[in-house]
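Summary of structural features
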Amino acid sequence: MADLKERLLPLKPASAINLRESVVNRPTASGRHAFQGVDVVEVKKRGQGLKSWIRVDTSGNSQVIEVDKFTMMRRCDLPARDLRLLDPVFVYPSTILGREKANVVNLEQIRCIITADEVLLLNSLDKYVLQYVIDLQRRLTTTGGGEVGDVGKVWQSDHSEMNQRRGSRNFENLYSNTSPDYLPFEFRALEVALEAACTFLDTQWYTRAAAKGVVISGQLWQPNRLLRMSTNCNNDNTNNHDDLDSIFKQKRILRTQVRKTLKAIDPSLRSQQDNAIQDIILGAPWFKSSLRLCAYISCSALREVDTFKLLSQILQPPPSGGKKLYVPRVEDKNSNMRMLNVSRIDDLVANSMNILEPDPVDADGNAREDVLQANEPVDILLLPGLAFDKSGRRLGRGGGYYDTFLKNYQDLAETQNWKQPLLVALSYSQQILDDGVIPVTSTDVLVDALVSPEGVIPISSAAFNRMDI
Ligand SMILES: Nc1nc2c(c(=O)[nH]1)N(C=O)[C@@H](CNc1ccc(C(=O)N[C@@H](CCC(=O)O)C(=O)O)cc1)CN2
Ligand SMILES: Nc1ncnc2c1ncn2[C@@H]1O[C@H](COP(=O)(O)OP(=O)(O)OP(=O)(O)O)[C@@H](O)[C@H]1O
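One structure accompanies this document, and this report is about it. Here the structure is a predicted model, which means the values were calculated and not measured. (Residues numbered from 1 in each chain as written. Chains lettered and ligands numbered in written order. Predicted model: local features only at pLDDT ≥ 70, side-chain atom pairs only at ≥ 80, totals over all residues. Heavy atoms only, no water.)

This next bit is on helix α12 (residues 267-283). With 17 residues, α12 extends 24 Å from end C-alpha to end C-alpha; this agrees with the ideal 24 Å at 1.5 Å per step. Looking only at α12, the buried set comprises Arg270, Gln273, Asp274, Ile277, Gln278, Ile281 and Leu282. Down the axis, α12 shows its buried residues gathered within 160° of arc, on one side only. The elements touched by buried residues of α12 are α13 (285-288), α14 (308-314), β15 (422-426) and β17 (449-452). (Helix = DSSP H or I, 4+ residues; strand = E, 2+ residues; numbered from the N terminus. Expected span 1.5 Å × (residues − 1). Buried < 20%, exposed > 50% of the residue type's maximum accessible area, 1.4 Å probe, protein only. Arc of directions from axis to C-beta. Contact = heavy atoms within 4.5 Å.)

Structural data, given as structure tokens:
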């Protein structure tokens, strides 16, 4: 996202020349010239109310252009009052105006003009606008695999845009394309705008509901997922596969960024955060009253929030300790991880990833208890992760170990009629990202609460009820 912001922020100095060459004189897919007869550079010189717009064409190429209101009105054949709908200063009810040459769309954060061969949005660093551009590009590229960094590719090569225009809409392919999945450009752009507006509303609803403590953990995605499926005409397996690929790609990009951020934290500040987080947990009534817990064995090379103070307290004899502890053991590379009972830290040995974990049998040769075979439920799971948000999203290290385990444990708790364990993630301040930045799939399990050096952040209603906040 930062990369995208950077690309969309200022017009590069050379862009005026690019614009004259690449936009003014270049025929669009429908044979017209973009901003025909108007020299954008000249207008810029006169400085008459120029606004910065993001333009996305039928092939998913995007560019930032500067255009004044009258040029835009003429270009799209729209009266001034229609353009006013796009002005972020005014609050209008959601509207989609269908005019002869263009649709004017005002859907929550997404305000744009959609014509037969381009989408024009007022340039903004709003994350929903940026996400709309990314999603639209992905939807328009035939492979469906556009990456975040694709925005702004237009700076790199003027010819590439022409080359990529082969798949764009024109009347010929409108009538000759008989594929049941085919949708004209305007509909695809509108569909993505509707999805973006729904995501925005979902997030707002969730954030407000979470603040009131009425959201049940794990339910957030359902409305949006259903909506996505019903608005997506391509909801066959191939397309879902493409969508997933693209989400995993976004996750990988984000993981790299977060790893860099974590590596840059000064060790003494990190250690202060480690102490603050653990002290908050050790002093919390919900921790003190828990009898059975799952917790991770932190790995400092991975820059994970330290858990050793917690582990040693849990393993103390009663009254301060005396709790039952289960810790992860990776069984194979197919996302299989068990949580095994341990009673001494010394029992742990480093695995191939250099993370401490228990042998399947203890020093006496007895098989350790697997939490999935236990007779009693765990109260709390203390979770690691690379990044989190205040809606409960969690970005793991990509193995799917925790999501798979959590799903199995939640299924078990449901079958046994047990209370679901509280999922509490430990997070440095730098790991808490803005809502909507962490990409998720339907198998990602939401956490109930975060503990950062600033305190406990309850997210689900279970957290509000049980953490006594
Ligand atoms: N302390 C701890 N234990 C845990 C996990 C964890 O995240 N933390 N796991 C959670 O699943 C499971 C193990 N999964 C792991 C997955 C990746 C890496 C790891 O070293 N990742 C590197 C990148 C490696 C690569 O890309 O090749 C990294 O994130 O920097 C470690 C453990 C079970 N035990
Ligand atoms: N419940 C599940 N059952 C089977 N596979 C799953 C499940 N949850 C996740 N996976 C798979 O695990 C892989 C990695 O998923 P993802 O990138 O979301 O992991 P992560 O959340 O970063 O890792 P982790 O869950 O270990 O913290 C994906 O291929 C995903 O489909």
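This part covers unusual backbone geometry. With glycine set apart, most residues show a phi of negative sign, and most peptide bonds adopt trans. A cis amide bond links Pro318 with the next residue in sequence, Pro319, at an omega value of 5°. With respect to the secondary-structure elements, Pro319 resides in the loop between α14 and β8 (324-330). A positive phi angle is found at Asp77, which is not glycine, with a value near 60°. Inspection of the secondary structure puts Asp77 in the loop between α4 (69-76) and α5 (80-84). For Asp77, a relative accessible area of 45% gives the class partly exposed. A positive phi is found at Asn354, a non-glycine position, where the angle reads about 70°. Along the chain, Asn354 turns up in the loop between β10 (348-350) and β11 (356-358).

With that settled, the discussion passes to the sheet that holds strand β18 (residues 455-458). With mixed pairing, the seven strands of this open sheet are ordered in space as β9-β8-β7-β12-β15-β17-β18. What marks the edges here is a single partner per strand, and that holds for β9 (337-342) and β18. With strand direction ignored, the average angle separating the axes of adjacent strands in the sheet is 25°. For strand β7 (residues 292-295) and β8, the ladder comprises three bridges, and the chain directions are parallel. Looking at β8, one finds that Leu293 is bridged to Leu325. Sitting on the sheet, α12 touches β15, β17 and β18, and the angle it makes with β17 is about 125°. Against the sheet, helix α15 (residues 401-415) touches β8, β9, β12 (380-383) and β15, its axis set at about 70° to β9. (Pairing = 2+ DSSP bridges. Axes fitted to C-alpha atoms, helices over the stretch in contact; angles between N-to-C directions.)

Taken as a whole, this structure holds 19 salt bridges when the rule is applied. Note that Glu118 is salt-bridged to Arg75, the shortest N-O span being 3.0 Å. Placement of Glu118 in strand β6 (residues 118-122) and of Arg75 in helix α4 is noted, with a sequence separation of 43 residues between them. The exposure class assigned to Arg75 is buried, which follows from its relative accessible area of 11%. Between Glu191 and Arg139 there is a salt bridge, with the nearest N and O atoms lying 2.6 Å from each other. A residue pair is termed long-range when its members are at least 10 positions apart, and Glu191 in helix α9 (residues 185-212) and Arg139 in helix α6 (residues 127-140) qualify at 52 residues. (Salt bridge = Lys/Arg side-chain N within 4 Å of Asp/Glu carboxyl O.)

Time to look at the site of ligand 1. By nearness alone, 14 residues border ligand 1, and Arg259, Ile297, Glu304, Met353 and Arg397 come closest of all. Residue Arg259 places a side-chain N or O atom 2.8 Å away from an oxygen atom belonging to ligand 1. Between an oxygen atom of ligand 1 and a side-chain N or O atom of Arg397, the distance comes to 2.6 Å. Within the complex, the protein chains bury 71% of what would otherwise be the 680 Å² of accessible surface of ligand 1. Secondary-structure elements contributing two or more residues to the shell around ligand 1 are β8 and α15. A per-class count over the shell around ligand 1 returns 11 nonpolar, no polar and three charged. (Near = heavy atom within 4 Å. Polar contact = N/O pair within 3.5 Å; in protein donor to acceptor, adjacent residues only side chain to side chain. Areas by Shrake-Rupley, 256 points an atom, 1.4 Å probe, with all protein chains shown as cover. Nonpolar A, V, L, I, M, F, W, Y, C, P; charged D, E, K, R; others polar.)

Once that is clear, we can look at the packing of aromatic side chains. The full count for this structure, using the stated rule, is three aromatic pairs. Between Tyr128 and Phe200, the aromatic rings sit 4.9 Å apart at their centres with planes inclined by 85°, giving edge-to-face as the arrangement. In this pair, Tyr128 is assigned in helix α6 and Phe200 in helix α9, connecting sequence segments 72 residues apart. One exposure class covers both Tyr128 and Phe200, and it is buried. Three or more aromatic residues joined by ring pairs form one cluster here, namely Phe405, Tyr409 and Trp418. Taking the ring centre of Phe287 as reference, the NZ or CZ of Lys323 above it sits at 5.1 Å. (Phe/Tyr/Trp six-rings, centres within 6.5 Å; stacked < 30°, edge-to-face > 60°. Lys NZ or Arg CZ within 6 Å of the ring centre and 35° of its normal.)

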